[in-house]
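# Structural features, examined
One-letter residues, chain by chain:
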Amino acid sequence: MKTTTRICKICFNRIYTNNIHSFLYNEPICSKCLKELNPVFKKFKIEGIESIAIFEYNETLKKLIYQFKGCLDYELKDIFLAYFVKELKEKYKKYYILPIPSYKQKDLNRGFNQVEEIFSCLNLPILKDVLIKKRDDDQHLKSYVERTKVKDNFLLLNKEILRDKNILICDDICTTGSSLKATIELTKNYINKDVKILVVAKREFSKDELEKIKDKRFVLS
Ligand SMILES: [Zn+2]
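All of the points below concern the structure found in this document. (Residues numbered from 1 in each chain as written. Predicted model: local features only at pLDDT ≥ 70, side-chain atom pairs only at ≥ 80, totals over all residues. Heavy atoms only, no water.)

## Side note on the coordination of the zinc ion
- For the zinc ion, the full set of protein donor atoms is Cys8 (SG), Cys11 (SG), Cys30 (SG) and Cys33 (SG), at a range of 2.3 Å.
- Coordination at the zinc ion is tetrahedral, judged from the four donor atoms that bind it and the angles of 103 to 115 degrees they form at the metal.
- For the zinc ion, the single-chain donor residues occur in sequence as C-x2-C-x18-C-x2-C. Taken together, the residues Cys11 in the segment before helix 1 (20-24) and Cys33 in helix 2 (residues 31-37) connect sequence positions 22 residues apart. (Donors = N, O, S within 2.8 Å, 3.2 Å for Na, K, Ca; no water. Tetrahedral: all angles 85-135°; square planar, octahedral: opposite > 155°, others 65-115°. Helix = DSSP H or I, 4+ residues; strand = E, 2+ residues; numbered from the N terminus.)

The following block contains the structure:
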């Protein structure tokens, strides 16, 4: 079987495939681009909670995330998870997604919430507006140290909805882990079942960068 009906949403080349999986799941990117994105399914723990980062945080991923949420290229919403929908659905079928919030007005300006959109292809129930961000704080402009102080900017609006549900906390990029930690801190007393974390990618820091981070003014690029 050879099909050329689809165009890769990253490189715009035709997708030639004889891969039944790719054919059945209508994957939006070619195998070459997938390879560049480098799925690693890295396991890590945040506050003792089992977490998975799907991709390596590399230049390709960084560029695509920026293109998606910074340049509003909505077409890219499915490229991150599409290849793994079947497996992820199976693994998290009993979970409710709790997205890490962004500032509501920013979502409204953008026309979408990037985390909800990326994870929506899993068809899991999404707990929208349960956790919100009170103020607009552009993490990009902040120093590493300032980035870690996000807890006061999150507000849990609906505590009861978390009860008797398995919760999957989702985010696009885990940089300092502080948004995830703040979410865990705010929700842990209300989650009486299982909780897991799934992110698109986790940024790792070199020894050199870790050294610079100690400087309170250090701003991540
Ligand atoms: Zn491609």
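## Section: the pairing of strand 7 (residues 195-202)
- Burial of strand 7 is extensive: seven of the eight residues sit out of reach of the surface.
- By the bridge criterion, five bridges tie strand 2 (residues 49-56) to strand 7 in an arrangement that is parallel. Along strand 7, the bridge assignment pairs Ala53 with Val199.
- When strand 6 (residues 166-174) meets strand 7, the two strands line up parallel, connected through seven bridges. Across the sheet, residue Ile173 finds its bridge partner in strand 7, namely Ala201.
- Remark: the strand 6/helix 8 (residues 178-187)/strand 7 crossover connection has right-handed handedness. (Buried < 20%, exposed > 50% of the residue type's maximum accessible area, 1.4 Å probe, protein only. Pairing = 2+ DSSP bridges. Right-handed = clockwise from strand over helix to strand, strands pointing away.)

## Brief notes about helix 3 (residues 59-70)
- Helix length check: helix 3 (twelve residues) gives 15 Å between terminal C-alpha atoms against 16 Å at 1.5 Å per residue, within 8%.
- Residues Leu61, Leu64, Ile65 and Phe68 constitute the buried set of helix 3. Down the axis, helix 3 shows its buried residues gathered within 100 degrees of arc, on one side only. Projecting away from the buried face of helix 3 at angles above 90 degrees are the exposed residues Glu59, Lys63 and Tyr66.
- The elements touched by buried residues of helix 3 are helix 2, strand 2, helix 6 (114-119), strand 6 and strand 7.
- Between the side-chain oxygen at the start of helix 3 and the backbone nitrogen of Thr60 there is a gap of 3.3 Å, and the oxygen is on Asn58.
- Looking at the residues trailing helix 3, positive phi occurs at Leu72, about 55 degrees. (Expected span 1.5 Å × (residues − 1). Arc of directions from axis to C-beta. Contact = heavy atoms within 4.5 Å. Polar contact = N/O pair within 3.5 Å; in protein donor to acceptor, adjacent residues only side chain to side chain.)

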